[in-house]
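This is what each chain is made of:
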Amino acid sequence: MYIIVGLGNPGNKYDKTRHNVGFDTIDVLADKYGIDVDNKKFKALYGKGVIEGQRVILAKPQTFMNLSGESVRELIDFYKVDETSELIVIYDDISLEPGQLRIRTKGSAGGHNGIKNIISHLGGQEFLRVKVGVGEKPKGFDLADYVLSRFSKEERALVEEAQKRAAQAVVSLMTDGAETAMNEYNRKV
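Residues numbered from 1 in each chain as written. Predicted model: local features only at pLDDT ≥ 70, side-chain atom pairs only at ≥ 80, totals over all residues. Heavy atoms only, no water.

Visitor: Just to check I follow, could you spell out the pattern of salt bridges for this structure?
Guide: If charged atoms from side chains of opposite charge come close, those side chains can pair. What the rule picks out here adds up to 9 salt bridges. Measuring nitrogen to oxygen at the nearest pair gives 2.9 Å for the salt bridge that ties R18 to E155. Of the two residues, R18 is situated in the loop between strand 1 (2-6) and helix 1 (21-33) and E155 in helix 5 (residues 153-175); the sequence distance between them amounts to 137 residues. We classify R18 as buried; its relative accessible area is 5%. (Salt bridge = Lys/Arg side-chain N within 4 Å of Asp/Glu carboxyl O. Helix = DSSP H or I, 4+ residues; strand = E, 2+ residues; numbered from the N terminus. Buried < 20%, exposed > 50% of the residue type's maximum accessible area, 1.4 Å probe, protein only.)

Visitor: Would you mind showing me how to read the environment of T84 here?
Guide: Take T84: it is sitting in the loop between helix 2 (68-79) and strand 5 (87-93). For the pair T84 and K116, spaced 32 residues apart in sequence, the C-alpha to C-alpha distance is 16 Å. Sequence-distant contacts of T84, defined by excluding residues within four places in its chain, comprise E126, F127 and L128. Polar side-chain contacts of T84 include one of 2.7 Å to the side chain of D82. (Contact = heavy atoms within 4.5 Å. Polar contact = N/O pair within 3.5 Å; in protein donor to acceptor, adjacent residues only side chain to side chain.)

Visitor: When you look at the nonpolar core in this model, what are you seeing that I'm missing?
Guide: Across soluble globular proteins, nonpolar side chains show a tendency to be buried alongside one another. Formed by 33 residues in total, the largest nonpolar core has its most connected members in I4, L29, I51, L58 and I88. The element that contributes the greatest number of residues to this core is helix 5, accounting for 9 residues. Aside from chain neighbours lying at most four places away, what touches I51 is I4, L29, Y33, I35, V56, L58, V171 and M174. One finds L7, A59, I118 and F127 within the second-largest nonpolar core, a separate group that totals 22 residues. (Core = buried A, V, L, I, M, F, W, Y, C linked by side-chain atoms within 4.5 Å.)

Visitor: Help me understand helix 1 in this model?
Guide: In an α-helix there are 3.6 residues to a turn, and that puts residues three or four apart on one side. Across its 13 residues, helix 1 extends 18 Å between first and last C-alpha, which sits within 8% of the 18 Å expected from 1.5 Å per residue. Along helix 1, the residues classified as buried are V21, G22, F23, D24, T25, I26, L29, A30 and Y33. The elements touched by buried residues of helix 1 are strand 1, strand 3 (44-51), strand 4 (54-61), strand 5, strand 7 (128-133) and helix 5. Remark: G34 follows helix 1 within two positions and exhibits a positive phi of approximately 65 degrees. (Expected span 1.5 Å × (residues − 1).)

Visitor: Hey, could you run me through the pairing of strand 7 in this one?
Guide: Side-chain positions along a regular strand alternate between the two faces of the sheet. Most of strand 7 sits out of view: 6 of its 6 residues are buried. Judged by which residues are buried, strand 7 turns out to be covered on both faces: L128, V130 and V132 on one side and R129, K131 and G133 on the other are all buried. One ladder, built from 6 bridges, connects strand 5 with strand 7; its direction is parallel. Counterpart to I88 in the pairing with strand 7 is L128. (Pairing = 2+ DSSP bridges.)

Visitor: What's the story with the packing of helix 5 against helix 6 (residues 178-185) in this structure? I'm lost.
Guide: Two packed helices can be described by the angle between their axes and the distance between those axes. Direction vectors running N to C along helix 5 and helix 6 enclose 155 degrees, while the axes themselves pass 8 Å from each other. One element, helix 5, and the other, helix 6, form an angle in the roughly antiparallel class. Considering the relative orientation of helix 5 and helix 6, their crossing is right-handed. The residues of helix 6 that touch helix 5, namely those facing R165, Q168, A169, S172 and L173, are A178, A181 and Y185. Considered class by class, the residues forming the contact of helix 5 with helix 6 number 5 nonpolar, 2 polar and 1 charged. (Axes fitted to C-alpha atoms, helices over the stretch in contact; angles between N-to-C directions. Parallel < 35°, antiparallel > 145°, perpendicular 65-115°, else oblique. Left-handed = near helix turned anticlockwise from the far one by under 90°. Nonpolar A, V, L, I, M, F, W, Y, C, P; charged D, E, K, R; others polar.)

Visitor: Where do I start with helix 3 (residues 113-122) in this structure?
Guide: Every buried residue of helix 3 is accounted for by G114, I115, N117, I118, I119 and L122. Downstream of helix 3 by a residue or two, G123 has a phi angle that is positive, lying close to 75 degrees.

Visitor: I keep staring at the packing of aromatic side chains and nothing clicks. Help me out?
Guide: Each aromatic ring pair is summarised here by two numbers: the centre-to-centre distance and the angle between the ring planes. The final tally for this structure, using the stated rule, is 6 aromatic pairs. Seen from their ring centres, F42 and F78 are 5.1 Å apart, and the 55 degrees between their planes marks the pair as tilted. Taken together, the positions of F42 in the loop between strand 2 (39-41) and strand 3 and F78 in helix 2 put the pair 36 residues apart, joining distant regions of the chain. Given a relative accessible area of 6%, F42 falls into the buried group. Residue classification places F78 among the partly exposed positions, given a relative accessible area of 48%. (Phe/Tyr/Trp six-rings, centres within 6.5 Å; stacked < 30°, edge-to-face > 60°.)

This is how it looks when you write it as structure tokens:
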């Protein structure tokens, strides 16, 4: 079984912001595979289903970004999955251009507070990640304001395409393994 977690902030105020690309990618997977992500438990909205023969939990933590680890810990403890190989976290990355993807099997938080909190709750940095590029913060911009901002029309088109590719990358991680998925999806588009 895989637990696939998309990071974001709950509420309409944050809908379609840069920080919510994880939530939006979960929605892409849910729509494609007919999984309702409307159960409330584990400090998350979640749904159970099957993707390409693999049992999955799709989850959107409702703790707000900076406390995402609380929800992830509860999910892992309840479903008894191996966080190093059966947890996939999808989130925004300001060091990647809008529309770019980067898959990693481990690493630091890189300044991302949601990932920092997950690492803290897991006690380690080794878990599968799909990063979706949201673009670098412009000079003079406050980082929090930037990641809570919405995309320009041009960026939105790139990011929506990237969310579809991120969903495919998640499937590839499960079916083909990390090395194959990284070779396929870490290339510049």
